[in-house]
Amino acid sequence: MAYPPLRDYGVIGNDDRCALVSRQGSIDWCCFPHLESASAFARILDDERGGHFAVQPSGPSESSHRYADRTNVLETTFETRAGQATVTDFMPLRNGREHEDERFQQAIYRRLECDRGSVDFDVEFAPRFDYARTEPALERTENGVLAESGGPTDGDAAGTGDGPDEQLFWYAGDELEPAIELTESETTATGTVSLESGECCWTGVQYGGREPLSSIDRQETLDETKRYWREWVGRRDGGPESMPERWHEMVVRSELVLKLLIHHETGAIPAAATTSIPEAIGSDRTWDYRYNWIRDAKFAVQALHDTGHRQEARDYFDWFSAVARSDPAEIHPLYDLHGNTGEAIEEETLEHLSGYRETGPVRIGNAAAPQQQLDVYGTIVQAVYETVQFDAETTVADDEWVALRDIVDYVCAHWDERDAGIWEFRDERRHFLHSKLLCWVALDRGIALATENEFDAPLEKWREDREAVRDAIEVRGFSEEADSFVQHFETDEAIDATALLIPIYEFLPPEDDRVQATIDTVLERLATDDGLVVRFVDTDIRRDEEKAFLLCSFWLIDALVLSNRLERAEEYFENVLEYASPLGLYSEKMDPEDGQLLGNFPQAFSHLGLVNSVTYLARALEADGEVRPADFDPENVETLFRRGDSPEL
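Residues numbered from 1 in each chain as written. Predicted model: local features only at pLDDT ≥ 70, side-chain atom pairs only at ≥ 80, totals over all residues. Heavy atoms only, no water.

## Points about the environment of Val301
Thinking step 1. You can see Val301 is positioned in helix α5 (residues 297–306).
Thinking step 2. Considering only alpha carbons, one finds Val301 and Glu386, 85 residues apart in sequence, at a separation of 7.2 Å.
Thinking step 3. Those residues within four positions of Val301 in sequence are excluded, and the remaining contacts are Tyr316, Phe320, Ala383, Glu386, Thr387 and Phe390. (Helix = DSSP H or I, 4+ residues; strand = E, 2+ residues; numbered from the N terminus. Contact = heavy atoms within 4.5 Å.)

## Focus: the pattern of salt bridges
Thinking step 1. Counted under the stated rule, the structure contains 45 salt bridges.
Thinking step 2. Linking Arg314 and Asp391 is a salt bridge whose minimum nitrogen-to-oxygen distance equals 2.5 Å. Highlighted residues: Arg314 in helix α6 (residues 310–324) and Asp391 in the loop between α7 (375–390) and α8 (398–414), separated in sequence by 77 residues. Of the two residues, Arg314 and Asp391, both sit in the buried class.
Thinking step 3. The residue Glu490 makes a salt bridge to Arg418 at a minimum N-O spacing of 3.2 Å. Placement of Glu490 in the loop between β21 (484–485) and β22 (495–496) and of Arg418 in the loop between α8 and α9 (433–453) is noted, with a sequence separation of 72 residues between them. (Salt bridge = Lys/Arg side-chain N within 4 Å of Asp/Glu carboxyl O. Buried < 20%, exposed > 50% of the residue type's maximum accessible area, 1.4 Å probe, protein only.)

## Comments concerning the side chain of Asn292
Thinking step 1. Mapped onto the fold, Asn292 is located in strand β16 (residues 292–293).
Thinking step 2. Filtering out sequence-adjacent residues up to four positions away, Asn292 remains in contact with Ala268, Ile269, Pro270, Tyr316, Trp319, Pro333, Leu334, Tyr335 and Leu337.

## Quick word on the packing of α7 against α9
Thinking step 1. Relative to each other, α7 and α9 sit at 35°, their axes nearing to 7 Å. Every pair of crossing elements has a handedness; the one defined by α7 and α9 is left-handed. For the pair α7 and α9, contact is made by Asp375, Tyr377, Gly378, Thr379, Val381, Gln382, Val384 and Tyr385 and by His434, Ser435, Leu438, Val441, Ala442, Arg445, Gly446, Ala448 and Leu449, respectively.
Thinking step 2. Counted by class, the contact of α7 with α9 contains 9 nonpolar, 6 polar and 2 charged residues. (Axes fitted to C-alpha atoms, helices over the stretch in contact; angles between N-to-C directions. Left-handed = near helix turned anticlockwise from the far one by under 90°. Nonpolar A, V, L, I, M, F, W, Y, C, P; charged D, E, K, R; others polar.)

## Details of the state of the cysteines
A covalent bond between the sulfur atoms of two cysteines is referred to as a disulfide.
Thinking step 1. Within this structure, the stated rule accounts for 0 disulfides.
Thinking step 2. In this model Cys412 remains outside any disulfide bridge; the closest cysteine sulfur is found in Cys439, 9.5 Å from its own.
Thinking step 3. By relative accessible area, Cys412 is classed as buried at 11%.
Thinking step 4. The cysteine Cys552 is free of any disulfide, with Cys439 supplying the nearest cysteine sulfur at 20 Å.
Thinking step 5. Residue class for Cys552 comes out buried when judged on its relative accessible area of 0%. (Disulfide = S-S within 2.5 Å.)

## A word on the environment of Trp287
Thinking step 1. Relative to the elements of secondary structure, Trp287 occurs in the loop between α4 (245–261) and β16.
Thinking step 2. Discounting chain neighbours no more than four positions away, the residues touching Trp287 are Thr275, Ser276, Glu279, Glu347, Arg363, Asn366, Arg426 and Asn600.
Thinking step 3. Side-chain polar atoms of Trp287 contact the side chain of Glu279, separated by 3.2 Å. (Polar contact = N/O pair within 3.5 Å; in protein donor to acceptor, adjacent residues only side chain to side chain.)

## Points about unusual backbone geometry
Thinking step 1. For the peptide bond that leads from Gly360 to Pro361, omega is 0°, which places it in the cis range.
Thinking step 2. Along the polypeptide, Pro361 turns up in the loop between β18 (348–350) and β19 (362–364).
Thinking step 3. The peptide bond linking Phe601 to Pro602 adopts the cis configuration, its omega dihedral lying at -15°.
Thinking step 4. Among the secondary structure elements, Pro602 is positioned in the loop between β26 (597–598) and α15 (604–622).
Thinking step 5. In this model, Arg70 sits at a positive phi of 55°, which is unusual for a non-glycine residue.
Thinking step 6. Here Arg70 shows up in the loop between β6 (62–67) and β7 (74–79).
Thinking step 7. Relative accessible area serves as the criterion here: at 34%, Arg70 is assigned to the partly exposed category.

## Digging into helix α3 (residues 218–234)
Thinking step 1. The terminal C-alpha atoms of α3, which comprises 17 residues, lie 24 Å apart, in line with the 24 Å expected from a rise of 1.5 Å per residue.
Thinking step 2. For α3, the set of buried residues is Arg218, Thr221, Leu222, Glu224, Thr225, Lys226, Tyr228, Trp229, Trp232 and Val233.
Thinking step 3. Sitting at the head of α3, Asp217 places a side-chain oxygen 3.3 Å from the backbone nitrogen of Gln219. (Expected span 1.5 Å × (residues − 1).)

## Quick word on the sheet that holds strand β24 (residues 548–549)
Thinking step 1. The 3 strands lie next to each other as β24-β25-β26, forming an open sheet whose pairing is antiparallel. In this open sheet, the two strands that pair with only one neighbour each are β24 and β26.
Thinking step 2. Of the strand pairs in this sheet, β24 and strand β25 (residues 589–590) are connected by 2 bridges, and their pairing is antiparallel. Counterpart to Phe549 in the pairing with β25 is Lys589. (Pairing = 2+ DSSP bridges.)

What follows is the structure, given as C-alpha cells:
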C-alpha cells in the first residue's frame, strides 16, 4: 500500500481518543485506551508493520468522504462498477448520561450500507499492539475475533511483552462472521461481505474485550452520537454573532476538531492526534505532539471563548491553573493529558518503524519537556487574564493569586536569561525575542490582575522590571539593518514570524513604525504571494525553513487586521482556507510548492489560529475595517480590564 497523503485522512474520536481513517476506508492510526497510549493501529507510520483495520470494496473503486453535518461522524462513499456504498465511521458518545460500561467509548463503529446496485467488501483486521512491538494472538469467537497482546515481534529487541495484557475485539456480526479467516501466522483476520441495494451491516472494534459493542444497539448509538455533536455545536454561550456566512462551516469544523482533542476529564488539549508525521518528507524533524503545550493556552482560551464554548474554556482554565500552582522553577513547557511530565513523557525512538513515507525516526515522548522556555510564564498569566475578562463566572481565588504572584516574581528574577525558545531549539540557548515578549506579558497582565482585584503584589518592582524588559526588546530586539524585530538579541538578520505577535499582545500599537516595518519584512522574506508564512529565515541556529507553518499564516492575518490592512488580510485568509483538506482539516505545516499537508495531524494550533483569525476579521468587518484597543482610561480600570486592553499603569 502506498502512503495516502494527509489530506486523504479524516479523523474521528471522542473525548480522549482519535482514529485516522483514510479515504480508502482504512483505519491507519488509533491508540487505546487514550490518545497518548500506545497504538493499536499505526500503518500511517509503517505500512507493513504498523497495523490497520480496513474496509474496502473488493474491486476497483472511486471514493470520497465527508462529515455528517455538524458532527465528527465520517461518511466515505465508494463507487464501483456494480454499485455504490457508504461506510460510516465514528466513536460512540452519549449526551447527558453515562453508559454503565466505562469501555463504551473505547470503540470504533463502522456501518456498511449499499446505496444502489451491489457492492462486495473486503475487511482486514490487523491490530499491532504497543506501536507494533508485540505480535497479537488472534482467536475466533462468537461474532468476531479477539486479539490479545503477545510477546515481542520477531527480531524486535525493543518489544516489551511485559506490560498488561491488551484485548481488541473485532465485531464481525452475522453477515461477516461466517467468512472470517485467519492468516497462517494468526496475526491478521480477513472477511468478506456482499451487500445489495438497501442492505447494511455493522462491524467495528472494541478495546478491552467483546462488550459493550457486541450487545449494544449500534444504530441508536450512531443517532445519539450525531445528536451529541450537533447539540454541542449549538450549545454556545455567546460566541460570534456577525461571522460572515462563507466562513461559518470552517469555524464549525475547527470547533469540532478542538472538541475532539479535548480530554474530557482534565480539560487538557493535545497539540495534535499523532506522533512523528514529518515536517518535511525526508526530514528527521518528527515529534510526538500528543501532549498539552502550555504556550497553547492563550490561543485556546481565546478560541473557546470566541466560539462560545465557555465550559471547555473553564475546564482548560482549571487545568493550567493546577499547573500554575507548581513551583515556577518546576513548570515545564508541556505535560501529558493527565498532568504528568518528566519520566511520563521521556522521549524514545522506535527503530522498528520506518515512519510516514519512510521518513523516520518514529518518536514517542518528547524531549522538549524539561527545557527552559520562559514564554510559558507569560502564557499562563495571559490565559488567566483573558479567562477572567471573558467569563464573569471565573474569578482568581486567593491561592491562585499566590501562585500567579510567584510566577511573576520568577519572571522578574529570570527574564534576562537565555532559553530554548518557542521553536524548542535543542542545541542552542539564546535571548529569544518571543520569550522576552512573553516575560513582558507576564509582568503587564500580572500588574493588571493585581490592580483590578486589589491583590497584594510588589507593583513597584514589577513595573520597574516591565520597563526593563520593554527597553531590552526595543533596543536589542529591533534591527535597523533588517528594519524589523528579529529572532533573538544576538542577530541583526534572523527574521522570525513570532515578531508578528508584538501588536497582538499589545506590546506596541499596530501603527508603530517598527511594527509596520516588521510586518512588511515578514511579507517580503517569510511569506508567499498567497500568505503562507514560514517560521524563520537567516538564523544562525538552523537552516532556513522551507515549509509554511500554518499558525504563523494566521498570525500574519491577525497583524494585518490590527493594522487596518483588511483587504490583504481577507485575501490571505481566503487563500489559506483553500489549503485545508477536503474535510476542512489542517496539519501543522504546508508545502507552498505543492500544497501538501505536513506535520502532525490534525493540528490544534492551526485550527485555533483559524478561529481566532475569523474573530479578528469579523470584528473588523463589523467595525468598517478598524479593530484596535481602546485608549486607556486610568480612571476606569474595571471597564478597560473587561474589554481586554493592556493597561500601561
